[in-house]
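Residue-level structure breakdown
Below, each chain spelled out in residue letters.
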Amino acid sequence: MADLPYRIVIGLEVHVQLLTQTKLFCGCSTRFGQPPNSATCPVCLGLPGALPVMNRRAFDLAVKAALALNCRIASFTKWDRKNYYYPDLPKNYQISQYDLPFSSDGHLDIQTPEGTKRIGIIRAHLEEDAGKLLHEEGGSGKDSLVDLNRTGTPLLEIVSQPELSAPEEAKAYLEELRLLLKALEISDCEMQEGSLRCDANVNIHVPHADGVAATPIVEVKNLNSFRAVERAIKFEANRQYGQFQSDGKKLGDRGVSKATAGWDDVRGVTVVQRRKEEASDYRYFPDPDLVPIEVDSAWIAEVRALLGELPAAQRTRLQSQYALSAYDTEVITRQGRPFVAYFEELARGCGDAAEAKNWLTNEILQTLNDRKSDVRAFPQPADAIAELIREAKATGLNKQRARDVYAHMVSEGGTAKEVIKKLGFTPVTDEGQLRDIVRRAMAANAKAVTDFKNGKVKAADAIKGAVMRETKGMARTEMVQQILLEELQRA
Amino acid sequence: MSLTVDDTRWVAHLARLQLADAELATMTRQLGAILDYVTQLQQARTDNVEPLAHPLPIHNVFRDDSPAPSLSVDAALANAPQRRDNFFAVPAVLD
Ligand SMILES: [Zn+2]
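Residues numbered from 1 in each chain as written. Chains lettered and ligands numbered in written order. Predicted model: local features only at pLDDT ≥ 70, side-chain atom pairs only at ≥ 80, totals over all residues.

Quick look at the overall build of chain B
Operational definition: Secondary structure elements are taken from DSSP: a helix is a run of H or I of four residues or more, a strand is a run of E of two residues or more, and numbering for both begins at the N terminus. Note that the radius of gyration is over C-alpha atoms, with the globule rule given as 2.2 Å times the number of residues to the power 0.38. Exposed residues have 12 or fewer other C-beta atoms within 10 Å of their own C-beta, buried residues have 20 or more, and residues in between are partly exposed; the C-beta atoms are placed from the backbone.
Per the secondary structure count, chain B includes 3 helices and 3 strands. Order of helices (α) and strands (β) in chain B, N terminus to C terminus: α-α-β-α-β-β. For a compact globule of 95 residues, the expected C-alpha radius of gyration is about 12 Å, and chain B comes in at 22 Å, more than 25% above that figure. By the burial criterion, 9% of the 95 residues in chain B qualify as buried.

Here it is as structure tokens:
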């Protein structure tokens, strides 16, 4: 980023769908993928006379998220109507929070190449989602279709300060936010299913003779992946630089207002759409159907007690408790809480954190990726893999063999001991048995014995190789060496 | 009167109303009169008055997060001006 002739300023507005069973103000199900228009009622259809009632769990989850983001929780908060007309909004207003959001003034720490950076959170507030519009393809082209299942689904909107200064930082912020919200089971943050959505407010600061000029802010929408966020910001910043070179328009100039742009992922461009509505255009006013919420310190304490260890604290602890590198810690924490729990159980069970980390981040992670599955669905509990690590170490089972045992345990089941036996990986430790094998190998390699006697020490390798073949590699090398030397001297 | 024809045109746009020039002039005059009337409220002294968020002195009314039956698809679509399969059909929206 160092070589750009401008500095990028980015603020993100993230919407996450809360993990509730029902909508924000009615009992309709929020489950993804239900048949069109099968999860609606008079409240979420906006029929006259219907009365919304607040979902307690949605509010608790929102407070939990705000506390994890170090926000101040307001003691008094209320609901406002945001008025606009669109076919996916049956009431013609969205219930949201305007001047008294339930939380504000927080922060989230992200990792950048220059170290930890603290990103301010302006506010987090609750609001209801709109429905889904489908544009008919190949049809008459005259109609759009509306599915109102999603209408009224609880959303938490998290607004960052414009303190992100590179596309990579925006991505890091989103990743950290997702990790946090998933760990706390506030949202599953699936961009594909729309349970995490992101808009980016972008402008650039261009140094010039009289100081620094800021370009008009553009809100980029329709960002459907973290990669799209990065690409769109990069493109938009560069577009604004070109625009500024040609028209010189600055933020705050007369007639310059905030614009909205859509990201076209296929073409890789932002398309500036329209003058963005000003807040006053939404004619916000308090919703008379809903009563305010008062939150006392006991309630906050109750929710705070549910937070547990947050990812940032977890990283620090894992690094010091298990002597892991920052990189390894990141790989493990990024997989979420159940994965971390599995790691800790494995490390305890096998008594070797480094080995536990190796198995987890190589074999087990690979298996999970191959199966597109989660550690909670992994067929072998941490105890079982710990036993494998202990057995491999105790019996001198080499890594390749241990991996074979692992693969068998995962696909066919069975304990480490059972599988080792089944695959014939039981080590030959009986001295008499091994001595017999050595003697037979010497008899079959008479020339090598003679060569050894004549001072060609290397000749012993051929005999040793024969022994290892005979034992399928299951004899301890040092033991074979010892017995072979004894027998050669005796020969 | 402070309301201009442009203000009226913008408010009509926000409400998705299409007004002819003659209607705009009438609406500006009538809406302006209403606003002027309501503006009298600004003379009331509110220095020591808390803003009112709700007319009733109640707060924290919640329900449990447990599903209740939704309407059938046919009932949900009963008031649709136009229906296509199990969807509401509306004039094409091009954002
Ligand atoms: Zn409903």
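From this point on, the discussion continues.
Things to note about the overall build of chain A
To keep it simple, the criterion reads: Whether two residues are in contact is decided by their C-beta atoms, placed from the backbone, lying within 7 Å.
Of the regular secondary structure elements, chain A holds 16 helices and 18 strands. The buried share among the 491 residues of chain A stands at 36%. A separation threshold of at least 6 residues defines the contact pool for chain A, and within that pool the share at least 24 residues apart is 69%.

Here we look at the sheet that holds strand 2 (residues 83-84) of chain B
Quick note on the threshold: In this description, strands pair whenever DSSP reports at least two bridges between them.
Read from one edge to the other, the open sheet built from 4 strands follows the order 9(A)-10(A)-3(B)-2(B), with strand pairing classed as antiparallel. At either end of the open sheet lies a strand with only one pairing partner, and these are strand 9 (132-135) of chain A together with strand 2 of chain B.

Some details on the packing of helix 3 (residues 167-183) of chain A against helix 4 (residues 226-247) of chain A
All names here are of chain A. Short version of the rule: Each axis is a line fitted through C-alpha atoms, and for a helix only the stretch in contact is used; angles between axes span 0 to 180 degrees, taken between their N-to-C directions. We call two directions roughly parallel when the angle between them is under 35 degrees, roughly antiparallel when it is over 145, roughly perpendicular when it lies between 65 and 115, and oblique otherwise. Crossing handedness is defined as follows: a turn of the near helix away from the far one that is anticlockwise and smaller than a right angle gives a left-handed crossing, while the clockwise case is right-handed. Note on residue classes: Ala, Val, Leu, Ile, Met, Phe, Trp, Tyr, Cys and Pro are nonpolar, Asp, Glu, Lys and Arg are charged, and everything else, Gly too, is polar.
Packing of helix 3 against helix 4 leaves a shortest axis separation of 8 Å and a crossing angle of 155°. Considering their axes alone, helix 3 and helix 4 lie roughly antiparallel with respect to each other. Considering the relative orientation of helix 3 and helix 4, their crossing is right-handed. Counted together, Pro167, Glu168, Ala170, Lys171, Leu174 and Glu175 of helix 3 and Phe226, Val229, Glu230, Ile233 and Lys234 of helix 4 form the full contact between these two elements. When the residues that make up the contact of helix 3 with helix 4 are grouped by side-chain class, the tally is 6 nonpolar, no polar and 5 charged.

A word on the interface of chain A and chain B
In this assembly, 36 residues from chain A lie in contact with 30 residues from chain B. Looking at the side of chain A that touches chain B, the elements that each hand over two or more residues are strand 2 (54-55), helix 2 (56-68), strand 10 (143-147) and strand 18 (293-294) of chain A. Ranked by residues supplied to the side of chain A that touches chain B, first place goes to strand 10 of chain A with 5 residues. Taken together, the residues of the side of chain A that touches chain B sort by class into 17 nonpolar, 11 polar and 8 charged. Relative to strand 3 (residues 87-91) of chain B, strand 10 of chain A runs antiparallel, the two sharing 4 bridges. What sits directly across from A:Val146, in strand 3 of chain B, is B:Phe88.

Here's the deal with the environment of B:Leu77
Along the chain, the position of B:Leu77 falls in helix 3 (residues 73-77). A tally of 23 C-beta atoms within 10 Å means that B:Leu77 is categorised as buried.

A closer look at the sheet that holds strand 6 (residues 93-96) of chain A
The antiparallel open sheet is built from 3 strands, whose spatial order is 6-5-17 (chain A). The open sheet has two edge strands, strand 6 and strand 17 (285-286) of chain A, and neither has a second partner.

Looking at the nonpolar core
Residues and elements named next belong to chain A. Under the convention used in this document: Here, a nonpolar core denotes buried Ala, Val, Leu, Ile, Met, Phe, Trp, Tyr and Cys residues that are linked to one another through C-beta atoms within 7 Å.
Judged by nonpolar contacts, the single largest core of 79 residues is most densely connected at Ala62, Ala65, Ala66, Tyr173 and Ala200. Considering each element in turn, this core owes the most residues, 9 residues, to helix 2. Those residues in contact with alanine 200 that sit more than four places away from it in its chain are Ile10, Leu12, Ala170, Val220, Leu223, Val229, Ala232 and Ile233. Counting 30 residues, the second largest nonpolar core, distinct from the first, contains Ile332, Tyr342, Phe343 and Leu346.

Topic: the pairing of strand 15 (residues 259-264) of chain A
All names here are of chain A. Which entries qualify depends on this criterion: Handedness is read with the strands pointing away from the viewer; a crossover is right-handed when the path from the first strand over the helix to the second is clockwise.
Bridge analysis of strand 14 (residues 218-223) against strand 15 gives 4 bridges, and the strand direction is parallel. The residue bridging valine 218 from the neighbouring strand is alanine 259, located in strand 15. Traced from strand 14 through helix 4 to strand 15, the parallel crossover comes out left-handed.

A short note on unusual backbone geometry
Residues and elements named next belong to chain A. Phi at asparagine 92 takes a positive value of approximately 70°, unusual for a residue other than glycine. Relative to the helices and strands, asparagine 92 is located in the loop between strand 5 (80-83) and strand 6. Of note, alanine 323 is a non-glycine position whose phi angle comes to about 50°, a positive value. Its place among the elements puts alanine 323 in the loop between helix 6 (311-321) and helix 7 (326-333). What makes alanine 323 exposed here is the crowd of 11 C-beta atoms within 10 Å.

Brief notes about the domain arrangement of chain A
Think of interface size as the accessible area that goes away when the parts come together; that is how it is often given. Put simply, the rule reads: A domain assignment, automatic or from a database, supplies the domain bounds used here.
Looking at chain A, the domain boundaries give domain 1 (7-298), domain 2 (319-404) and domain 3 (431-490). One C-alpha centre belongs to domain 2 of chain A, the other to domain 3 of chain A, and the line joining them spans 37 Å.

Remarks on the environment of A:Glu294
Looking at where A:Glu294 falls in the secondary structure, it is placed in strand 18. A tally of 13 C-beta atoms within 10 Å means that A:Glu294 is categorised as partly exposed. In this structure, A:Glu294 is in contact with A:Ser75, A:Phe76, B:His59 and B:Asn60, ignoring residues within four places of it in sequence.

Observations regarding helix 9 (residues 353-371) of chain A
Residue and element names in this part refer to chain A. Threshold: By definition here, a helix of n residues has an expected span of 1.5 Å times n minus one. What the bend at a residue measures is the angle between two axes, fitted to the seven residues ending there and to the seven starting there.
The terminal C-alpha atoms of helix 9, which comprises 19 residues, lie 25 Å apart, in line with the 27 Å expected from a rise of 1.5 Å per residue. Largest kink in helix 9: about 35°, centred on leucine 360. Listed in full, the buried residues belonging to helix 9 are Ala356, Lys357, Trp359, Leu360 and Ile364. For helix 9, the elements touching its buried residues are helix 7, helix 8 (337-350) and helix 10 (382-395). Where helix 9 ends, the next residue or the one after it, lysine 372, has phi of about 50°, a positive value.

Let's talk about the confidence of the model for chain B
Put simply, the test is: pLDDT runs from 0 to 100 and stands for how confident the predictor is about each residue.
Looking at chain B as a whole, the pLDDT averages 91, with 97% of positions reaching at least 70. Taken together, the chains of this predicted complex give a pTM of 0.83 and an interface ipTM of 0.89.

With respect to the packing of helix 10 of chain A against helix 11 (residues 399-412) of chain A
All names here are of chain A. It is the contact of helix 10 with helix 11, at a shortest axis distance of 11 Å, that shows an interaxial angle of 155°. With respect to each other, helix 10 and helix 11 are oriented roughly antiparallel. Read as a crossing pair, helix 10 and helix 11 show a hand that is right-handed. Taken together, the residues of helix 11 that come into contact with helix 10 (itself represented by Ala384, Leu388 and Ala392) are Ala402, Val405, Tyr406 and Met409.

Here's the deal with the environment of A:Leu181
Residues and elements named next belong to chain A. Inspection of the secondary structure puts leucine 181 in helix 3. It is 26 Å that separates the C-alpha atoms of leucine 181 and glycine 262, two residues lying 81 residues apart in sequence. In this structure, leucine 181 is in contact with Val16, Ala65, Ile186, Ser187 and Cys189, ignoring residues within four places of it in sequence.

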